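Coordinates in review
Chain residues, written in single-letter form:
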Amino acid sequence: MAVLVGKQAPDFKADAVVNGNEFKQISLSDYKGKKYVALFFYPLDFTFVCPTELHAFQDKLAEFESLDTQVIGVSVDSKFSHFAWLNTPKNQGGIQGVQYPVVSDLNKTITRNYDVEVEGAGIAYRGLFLIDKHGVVQHQVVNNLPLGRNVDEAIRMVKALQFFEKNGEVCPANWNEGSKGMKPNEAGLKDYFKQAVAA
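Residues numbered from 1 in each chain as written. Predicted model: local features only at pLDDT ≥ 70, side-chain atom pairs only at ≥ 80, totals over all residues. Heavy atoms only, no water.

**A closer look at empty space enclosed by the protein**
All chains considered together, the criterion is met by one cavity of 30 Å³ or more. Of the pockets and cavities examined, the largest cavity occupies roughly 40 Å³. Secondary-structure elements contributing two or more residues to the lining of the largest cavity are β6 (126–131) and α5 (151–167). Residue composition of the lining of the largest cavity, by class: seven nonpolar, one polar and no charged. (1 Å grid on protein atoms, 1.4 Å probe; cavity = no way out; pocket = protein on both sides within 12 Å on 5 of 7 lines; lining within 4 Å. Points joined across faces, edges and corners; volume = space filled by probe spheres on them. Helix = DSSP H or I, 4+ residues; strand = E, 2+ residues; numbered from the N terminus. Nonpolar A, V, L, I, M, F, W, Y, C, P; charged D, E, K, R; others polar.)

**Let's talk about the environment of Gly33**
Within the element layout of this structure, Gly33 appears in the loop between β2 (22–27) and β3 (36–41). A C-alpha to C-alpha distance of 28 Å links Gly33 and Ser179, two positions 146 residues apart in sequence.

**Overview of the packing of aromatic side chains**
A ring pair, where both rings are aromatic, is described by two values, the distance of the centres and the angle of the planes. A full pass over the atoms with the stated rule returns 13 aromatic pairs. One aromatic cluster is present, built from ring pairs that chain together Phe40, Tyr42, Phe46, Phe57, Phe64, Trp85 and Tyr100. The ring of Phe23 has Lys79 lying over it, and the distance from NZ or CZ to the ring centre is 5.2 Å. (Phe/Tyr/Trp six-rings, centres within 6.5 Å; stacked < 30°, edge-to-face > 60°. Lys NZ or Arg CZ within 6 Å of the ring centre and 35° of its normal.)

**Focus: the nonpolar core**
Residues Phe40, Leu54, Phe57, Phe64, Val71 and Tyr100 are the most contacted members of the largest nonpolar core, which totals 26 residues. Listing elements by their share of this core, those giving two or more residues are β3, α1 (49–59), α2 (61–66), α3 (79–86), β6 and α5. Residues contacting Val71, with those up to four places away along its chain left out, are Ala38, Phe40, Phe57, Leu61, Phe64, Tyr100 and Pro101. (Core = buried A, V, L, I, M, F, W, Y, C linked by side-chain atoms within 4.5 Å. Buried < 20%, exposed > 50% of the residue type's maximum accessible area, 1.4 Å probe, protein only. Contact = heavy atoms within 4.5 Å.)

**A short note on the environment of Lys159**
Relative to the assigned elements, Lys159 resides in helix α5. Lys159 sits in the buried class, given a relative accessible area of 18%. When neighbours within four sequence positions are excluded, Lys159 is seen to be in contact with Glu63, Leu67, Trp175 and Glu177. Among the polar contacts made by the side chain of Lys159, one reaches the side chain of Glu63 at a distance of 3.0 Å. (Polar contact = N/O pair within 3.5 Å; in protein donor to acceptor, adjacent residues only side chain to side chain.)

This is the structure in structure tokens:
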């Protein structure tokens, strides 16, 4: 599986359903220079773990937006399948209420470019890519099909990236918003451990 971290995120232009009811073509490059992007792949519409994830991203959408981050979901289903699923109530296994773009990758080009295709199955693993405003992938994680993601961890990574960009300090293990960062040198490491011991 390819490591895209540190590289330009593969651009795409594809059909999507936005705001739950509107067909629109979107490009990743639409957001370059304007927003961070949390791009996630999921296997298929009308399945089981997937709707829990799509709703989890929707539940945190306001927080992503407050961090200037665009959430985008992608699967290999058609835009018509997305539309039908978006118009199916949550209590019937649907994703009604999801507002962020859900992209159709029917020809699997995006899935292959991000190297998250399940070989022989024609669907995507649960890949998540955090892309900065320069279009560079800063974080990626790929789960196997049975393993749902932690959306709070995705938010933590956005905050960690923005903390680094703002302060020039790196984020040590288990860093959370409000925690101390570390100067990226030997003195910074010693100071960090000294303060940790004092606490």
